[in-house]
Amino acid sequence: MKKLLPILVILISSSYLFSQNNELDGLKKYNSYIIKHLESGKWSTKCDLINGLVTNIESYYKRELRSRRIYEYDKYKNKIREIRTFDINEGVINDTMEIKLIYIHDSLVAEKHTLGTIEKFSDFNEFGKPKMLERTEEFGFSPFIELFEYDKAGNVSKEIAHTEFKNAHEIIVRETETNFYTYDLRHNVIEIRRKYSPKKTFPIPITGGPALYEIENFRYVYNKYGLWTKKYKTVEGTEKLIARRTLK
């Protein structure tokens, strides 16, 4: 369980932190929300909000608290600090990761993490969004170059990640993953198409999370403020409810 939990926490945290910008105005009306991850068994996530931003994330398995993290932001609403305050394997802790952000003309060009990771953004488009991200190694698996294309609404429509990692025989393996995204009018993803080089056989099993399919489609149920409360996924012609969110 010690290896499974950190991976799942990373997936959950990054997913909801990176998707919150398109919901920021609507979320300002709420203090918190709880997401039940029906696709991942008995996992759920509680997110506390201040001015629409997630400031505290608690992950639960069944009703047992598994982890807690606090987030702080700068004036541009970018994360500058992440504090782990609880872990099921370590108990109460105070593990702080500082993120130094470097801007040029209000555009974020680099992030430096106290864990040693450095992310550099470049090749900005006319909307000030980067087309390239270069990242140093982290967690033993590192997308070292990511390329982005955007749709007319500013959403990432194509993502190409060039990665390298060591396999079980300590041999460096290089891989390219390409993801194509389609969105609805509320800027939530309704389709993901995946390609790998070298080719992979789908579905691809993921430790601590649902398997990845070549094509996945999504459907949402929204409340009156345009915030999703139910999320459905369709793969190979079968639709399932995968997440339920309660806003408070």
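Structure report, in brief. Note that the structure is predicted; figures quoted are calculated from it, not measured. (Residues numbered from 1 in each chain as written. Predicted model: local features only at pLDDT ≥ 70, side-chain atom pairs only at ≥ 80, totals over all residues. Heavy atoms only, no water.)

## Some points on the overall build of the protein chain
Threshold: A run of DSSP states H or I qualifies as a helix once it reaches four residues; a run of E qualifies as a strand once it reaches two. Both are numbered from the N-terminal end. Only protein chains enter the accessibility calculation, which uses a 1.4 Å probe; a residue whose area is less than 20% of its type maximum is buried, one above 50% is exposed, and one in between is partly exposed. Contacts: residue pairs with any heavy atoms within 4.5 Å of one another. Using a 1.4 Å probe, accessible areas were evaluated by the Shrake-Rupley method; residue-level cover was limited to the displayed protein chains.
Helix and strand counts for the protein chain come out as two helices and 18 strands. Evaluated residue by residue, the protein chain yields a buried proportion of 41% over its 248 residues. Across the protein chain, the fraction of contacts at a sequence separation of at least 24, relative to all contacts at a separation of at least 6, is 25%. Taken as a whole, the protein chain presents about 14600 Å² of accessible surface, with 53% of it coming from carbon and sulfur.

## Description of the pairing of strand E8 (residues 118-124)
The test is simple: Paired strands are those between which DSSP finds at least two bridges.
Note: strand E7 (residues 107-113) against E8, three bridges, orientation antiparallel. Looking at E8, one finds that Glu111 is bridged to Glu119. Where E7 folds back onto E8 in an antiparallel hairpin, the turn is made up of four residues, including Gly116, whose phi is positive at roughly 110 degrees. The loop that links E8 with its antiparallel partner strand E9 (residues 130-135) comprises five residues; one of these, Gly128, has a positive phi angle of about 80 degrees.

## Digging into the nonpolar core
What counts here: What makes a nonpolar core is a set of buried Ala, Val, Leu, Ile, Met, Phe, Trp, Tyr and Cys residues whose side-chain atoms join them at distances within 4.5 Å.
In this structure, Leu27, Tyr33, Leu49, Val54 and Leu247 are the most contacted members of the largest nonpolar core, which totals 22 residues. When residues of this core are traced back to their parent elements, those giving at least two are helix H2 (24-27), strand E1 (32-37), strand E2 (43-50), strand E3 (53-61), strand E4 (64-73), strand E12 (172-183), strand E16 (215-222) and strand E18 (238-247).

## Observations regarding the environment of Arg69
Cut-off, in case you're wondering: Under the rule applied, a polar contact is a pair of N or O atoms within 3.5 Å (in protein, one hydrogen donor and one hydrogen acceptor; residues adjacent in sequence only if both atoms are side-chain atoms).
Position of Arg69 relative to the elements: it lies in strand E4. Judged by its relative accessible area of 16%, Arg69 falls in the buried class. Taking C-alpha positions, Arg69 is 9.3 Å from Asp95, a pair spaced 26 residues apart along the chain. At 2.2 Å, the side chain of Arg69 and the side chain of Glu82 are in polar contact.

## Focus: the packing of aromatic side chains
For any pair of aromatic rings, the description consists of the separation of the ring centres together with the inter-plane angle of the planes. Let me state the cut-off plainly: For this analysis, a ring pair means two rings from Phe, Tyr or Trp (six-membered ring only for Trp) whose centres lie within 6.5 Å, classed as stacked if their planes differ by under 30 degrees, edge-to-face if by over 60, and tilted for the remaining angles.
One pass over the full model with this rule turns up six aromatic pairs. Residues Tyr196 and Phe202 carry aromatic rings whose centres are separated by 5.9 Å and whose planes lie at 50 degrees to one another, so their mutual orientation is tilted. On the accessibility criterion, Tyr196 (10% relative accessible area) is buried. Through a chain of ring-to-ring contacts, the aromatic side chains of Tyr220, Tyr222 and Trp228 assemble into a single cluster.

## Focus: the pairing of E1
In this sheet, E2 lies alongside E1 in antiparallel orientation, the contact comprising five bridges. Paired with Lys36 across the strands is Ser44, a residue of E2. Two successive antiparallel strands, E1 and E2, enclose a turn made up of five residues, where Gly41 displays a positive phi of approximately 85 degrees. Here E1 pairs with E18 via five bridges, running antiparallel. Bridge pairing in E18 links Ile34 to Thr246.

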